[in-house]
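Commentary on secondary and tertiary structure
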Amino acid sequence: MTDNPQPRGELAAPKLALFGALPAFSDTLHVGRPNIGDRERFLARVNDILDRRWLTNRGNYVIELERRIAEITGVRNCVLVCNATVGLELLIRALSLRGEVIVPAFTFVATAHALQWQEITPVFADIDPDTHCLDPASVERMITAKTTGILGVHLWGRPCAIDRLTGIAASKNLELIFDAAHAFGCSHAGRMIGAFGRAEVFSFHATKFINTFEGGAIVTNDDALAEKLRLMQNFGFSGYDNVIYLGTNGKMSEVCAAMGLSNIDGMDEIVARNRGNYQSYQHRLAGLRGITMLKHDDTERCNFQYVVVEVGDEAGLTRDELIEVLHAENIIARRYFFPGVHRMEPYRSRFPDAGRLLPVTERICRLVLLLPTGNAVCNDDILRIGDVIETALSHAPAVRQRIRHLNDKP
Ligand code: T4K
C-alpha cells in the first residue's frame, strides 16, 4: 500500500520506489563516498604522530607526502595546503593576477570564488560539449585588455585542451594555471597532470580520488614560485621569528598527510576498482535510449573517479525526473555542477546575461548526472542502478505522470 497511490485509470505502475515499491537500496548510495585506503597503515601512522607529538607545521608526513606527489606527477615542487580552494587563492595571489581571469562556469563554485575572493573578476567562457572543459575558441573571444590569466579546469579528470590554451596564453602574454582538483593520477600526452601551465592545484577533499580528509596541493616546476607559495602558506615565516612576506595559514596537518600517504599506498587498487565500476556502468547502460556516458581517452592515465552521464531528450525523461526516481531508490545521484557558476551568487547578480554567451554550458548543466562509484560501490550495485534506470526509461510516461502527481500534492 502506498501513501500516495496512482490515480485510477492511469498508466500501469512500474516496480519503482516512486510508486510505493521498496527502494532498491536500504542504505543510501552516494556520489563522493570517500575511498578509504589501508586502515591499519593509516592507524599505525596516527599512532606514530601521537607518539612523536608532532601534529602539524611541516612534520615528517607532510614532507613525505609532498615528495610522493612530486614523484608521481613528475613535477619538481609540491606544496601541500589545507584544501584546494586555499591553494588556488594562494597561487592566484602569488602570480599577482588582477583585473579579469577567464574560467569555465561549468565547474565547482570554488574555482570562481578563489578569484573573486581576491577581487579578480572571473570571466566565464564556454565549454567543449565532448570534454566539458574550456573551449579555446570561446576563451579567445573573452579576452579583453583587463585579462591577466586563464584558469582551466580538468573536469572529471579529463585534461583541458592544454596545448591550445598554452598557445593562447603565450601569444597574449597571459598566465595559465589549472584547477586540477579532479585530475590527480591522470595524464595528458603521456605526461602526468600537474606538469602543465605555471602551476596546477589538486584537491584531496574527502570526495576526491585520493583524500586527506580535507587537503590540496599546488605543484609547479617554477622553483621561485614554489618558494613564495611556501612562505605564503605559513604566515610568511622563514625560520624562527623571521617573517619576510605577507602570509596566511594554509598548512596541512600530519594526520591529513598520513591519510593521504595511506591512500596513495593503495592508489592502484582504487584506480582498478574505479575503472571496473566505470566499465560495469558502460556495459549496463549501453543501449539505453538517451543515456550517454562521458568517455575517457584509453591511451592516457585516468583515475575514473567520476561516472558522468548525459540524459538526452530521447530518454523520454529529463535528467531531473530521473534524479527523482534514483533518489527515491536511495541512489543519491548528483547533478554537478548545476545550475552553473554563472547562475550562482555573486555572479548571477553581476552578470545576469552571462548565460547567453554560454550555450553549451547551459545545455550540459541540464543534462549531466553523476552516478555513485568508488570503493564503496560494487558490481551488483551498478547492475541494480542500471535496472532502476532501465525500468524508469521504459515506463517514462507513467513515471512522468507520477512525478507530476506527487509534486502537485497539496
Ligand atoms: N575545484 C573543483 C573543480 C572542485 O570540484 C573542487 C571541490 C574544488 C575546486 C575545491 O576543492 P576543496 O577546496 O574542497 O579541496 C563536494 C566537495 O565538498 C568539494 O570538495 C568538491 N569539489 C565537490 C565536487 O563535491 P558538495 O557540496 O557536493 O559536498 P557534499 O557534502 O554534498 O558531499 C558530496 C557527496 O559525498 C554527498 O553525497 C555525501 C558524500 N560524502 C561526503 C563527505 C564529505 C560522504 O559520503 N562522506 C564524506 O565525508 O561538494
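For clarity, every value in this text was computed on a predicted model and none was experimentally measured.

1. Side note on the sheet that holds strand S6 (residues 175–179)
In space, the 7 strands of this open sheet follow the order S2-S10-S9-S6-S5-S3-S4, with mixed pairing throughout. What marks the edges here is a single partner per strand, and that holds for strand S2 (77–81) and strand S4 (121–125). The mean angle between the axes of side-by-side strands here comes to 25°, regardless of whether they run parallel or antiparallel. Here S6 runs beside strand S9 (residues 199–203); their pairing, made up of 3 bridges, is parallel. Within S9, the residue paired with Asp-179 across the bridge is Val-201. Sheet strands touched by helix H6 (residues 162–172): strand S5 (147–153) and S6. Its angle to S6, the strand with the most contacts, is close to 150°. Taken strand by strand, helix H7 (residues 223–233) contacts S2, S9 and strand S10 (216–220), and its axis lies near 20° from that of S2.

2. Observations concerning the packing of helix H2 (residues 60–73) against helix H8 (residues 254–265)
Contact geometry for H2 and H8: axes closest at 8 Å, N-to-C directions at 40°. As summarised for this structure, H2 and H8 are arranged oblique, according to the angle between their axes. Handedness of the crossing formed by H2 with H8: left-handed. Contacts between H2 and H8 involve Asn-60, Tyr-61, Val-62, Glu-64, Leu-65, Arg-68, Ile-69 and Ile-72 on the former and, on the latter, Glu-254, Ala-257, Ala-258, Gly-260, Leu-261, Ile-264 and Asp-265.

3. Some details on the layout of surface pockets
In this model, the largest pocket occupies a volume close to 420 Å³. With 3 residues, the top contributor of residues to the lining of the largest pocket is helix H3 (residues 84–94). Here the residues of the lining of the largest pocket sort into 11 nonpolar, 9 polar and 3 charged.

4. As for the site of the ligand
Taken together, 25 residues sit near the ligand, with Arg-33, Thr-85, Asp-179, His-182 and Tyr-336 positioned nearest. Between an oxygen atom of the ligand and a side-chain N or O atom of Arg-33, the distance comes to 2.7 Å. Contacts to the ligand include Ser-203, whose side-chain N or O atom sits 2.8 Å from an oxygen atom. Relative to its unbound accessible surface of 930 Å², the ligand loses 76% to contact with the protein. Using a 2 Å cut-off from the grid points, one finds that the ligand occupies the largest pocket. Only H3 and helix H4 (110–116) provide two or more residues apiece to the shell around the ligand. The residue makeup of the shell around the ligand, split by class, is 10 nonpolar, 11 polar and 4 charged.

5. With respect to empty space enclosed by the protein
Applying the stated criterion to the full structure yields 2 cavities of 30 Å³ or more. In this structure, the largest cavity occupies an estimated 50 Å³ of space. What lines the largest cavity is simply Val-31, Gly-32, Arg-33, Gln-305, Tyr-306, Val-307, Leu-371, Pro-372, Thr-373 and Gly-374. Broken down by class, the residue content of the lining of the largest cavity amounts to 5 nonpolar, 4 polar and 1 charged. Looking at the second largest cavity, its volume works out to about 40 Å³. What lines the second largest cavity is Ala-181, His-182, Ala-183, Phe-184, Ser-203, Phe-204, Lys-208, Phe-209, Ile-210 and Asn-303. Considering only residue class, the lining of the second largest cavity consists of 6 nonpolar, 3 polar and 1 charged.

Procedures and definitions
- Residues numbered from 1 in each chain as written.
- Predicted model: local features only at pLDDT ≥ 70, side-chain atom pairs only at ≥ 80, totals over all residues.
- Heavy atoms only, no water.
- Pairing = 2+ DSSP bridges.
- Helix = DSSP H or I, 4+ residues; strand = E, 2+ residues; numbered from the N terminus.
- Axes fitted to C-alpha atoms, helices over the stretch in contact; angles between N-to-C directions.
- Contact = heavy atoms within 4.5 Å.
- Parallel < 35°, antiparallel > 145°, perpendicular 65-115°, else oblique.
- Left-handed = near helix turned anticlockwise from the far one by under 90°.
- 1 Å grid on protein atoms, 1.4 Å probe; cavity = no way out; pocket = protein on both sides within 12 Å on 5 of 7 lines; lining within 4 Å.
- Points joined across faces, edges and corners; volume = space filled by probe spheres on them.
- Nonpolar A, V, L, I, M, F, W, Y, C, P; charged D, E, K, R; others polar.
- Near = heavy atom within 4 Å.
- Polar contact = N/O pair within 3.5 Å; in protein donor to acceptor, adjacent residues only side chain to side chain.
- Areas by Shrake-Rupley, 256 points an atom, 1.4 Å probe, with all protein chains shown as cover.
- Sits in = over half its atoms within 2 Å of the grid points.

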